[in-house]
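# Architecture at a glance
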Amino acid sequence: PWAGGGQIQSAPANISRFAADVRNPYSIQYSFGVERQIDRQTTISVNYIAAKGTKLFRSRDLNAPQAPYFGRPDPEMSVLRQFESSASQRTHGLDVTLRGRFTRFFNGTVQYAVGSAKNDTGGINSFPADNNDLSSEWGRADFDQRHRLNLAGTLKASHWFNLGVLFAAYSGRPYELTLGRDLNQDGYATDRPAGVRRNSLEGPGGNTLDLRWGRDFPLD
């Protein structure tokens, strides 16, 4: 089917490999807190929780085009994907919990948590926006939620009014600001504007409310 004796041109191969110094990730966690009884049926606790993740996995294309992006350094191959354990993570959080009987009608638990989680990787399958410059990858972790409020309890005012309440409110998670174009010619249209870090935007928060009404009917 190829006139003039033409031949099929094979595309450059993609290669995946582990870095020579790859190691298993590990995490160091530490916390301290205090709990105090406010009255006979109510207690409050305050806890600080932190963790440090080291040697986390990420991917990087070692054959990505370099500025001024006129082609790959080695034209004999396409993507040279290297799995590295070179990323890190820091998390900090403060948790305040109030539990017990708040009034003669309401018994339950109220928890408020505020925290921060930052890293420079989205996981072993994630590529940086610029494979030749990882400085802008440090930012909010994909799972980072700054504020969370949870309430669970029972409101009982009479034999006929026994109401169970579950309420949760939380702030939004971060997401990327991208140009939607592949300016650095690495095959991924995930380039960010100059000076913009990873996960620089925040999505909407939300809340949920579950109610349950119950009544006991004794059988004689």
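Small disclaimer: the values here were computed from a predicted structure and weren't measured. (Residues numbered from 1 in each chain as written. Predicted model: local features only at pLDDT ≥ 70, side-chain atom pairs only at ≥ 80, totals over all residues. Heavy atoms only, no water.)

## Comments concerning the overall build of the protein chain
Rule in force here: Helix and strand assignments come from DSSP, with helices taken as H or I runs of at least 4 residues and strands as E runs of at least 2, each series counted from the N terminus. In this description the radius of gyration comes from C-alpha coordinates, and the expected globular size is given by 2.2 Å times residues to the power 0.38.
From N to C terminus, the protein chain includes 0 helices and 11 strands. What you see in the protein chain, going N to C, is helices and strands ordered as β-β-β-β-β-β-β-β-β-β-β. Computed over its C-alpha atoms, the radius of gyration of the protein chain comes to 27 Å, more than 25% above the 17 Å expected for a compact globule of 220 residues. If one aligns the C-alpha atoms of the protein chain with their principal axes, the spans along those axes are about 95 × 45 × 35 Å.

## Overview of the packing of aromatic side chains
Worth spelling out the cut-off: A pair of aromatic rings is counted whenever rings of Phe, Tyr or Trp (Trp by its six-membered ring) have centres within 6.5 Å, and the orientation is called stacked for planes under 30 degrees apart, edge-to-face for over 60 and tilted otherwise. Burial classes follow relative accessibility: with a 1.4 Å probe on protein chains only, a residue under 20% of its type's maximum area counts as buried, one over 50% as exposed, and anything between as partly exposed.
Scanning all chains against the criterion turns up 4 aromatic pairs. Ring geometry for Phe18 against Phe83: centres 5.2 Å apart, planes inclined by 40°, an arrangement best described as tilted. In this pair, Phe18 is assigned in strand S1 (residues 13-18) and Phe83 in strand S4 (residues 77-101), connecting sequence segments 65 residues apart. What makes Phe83 buried here is its relative accessible area of 14%. Geometrically, the ring pair formed by Phe32 and Tyr48 is tilted, given 5.4 Å between the ring centres and 45° between the ring planes. With a gap of 16 residues between them, Phe32 in strand S2 (residues 26-39) and Tyr48 in strand S3 (residues 42-61) connect regions that are remote in the sequence.

By themselves these figures say nothing about function.
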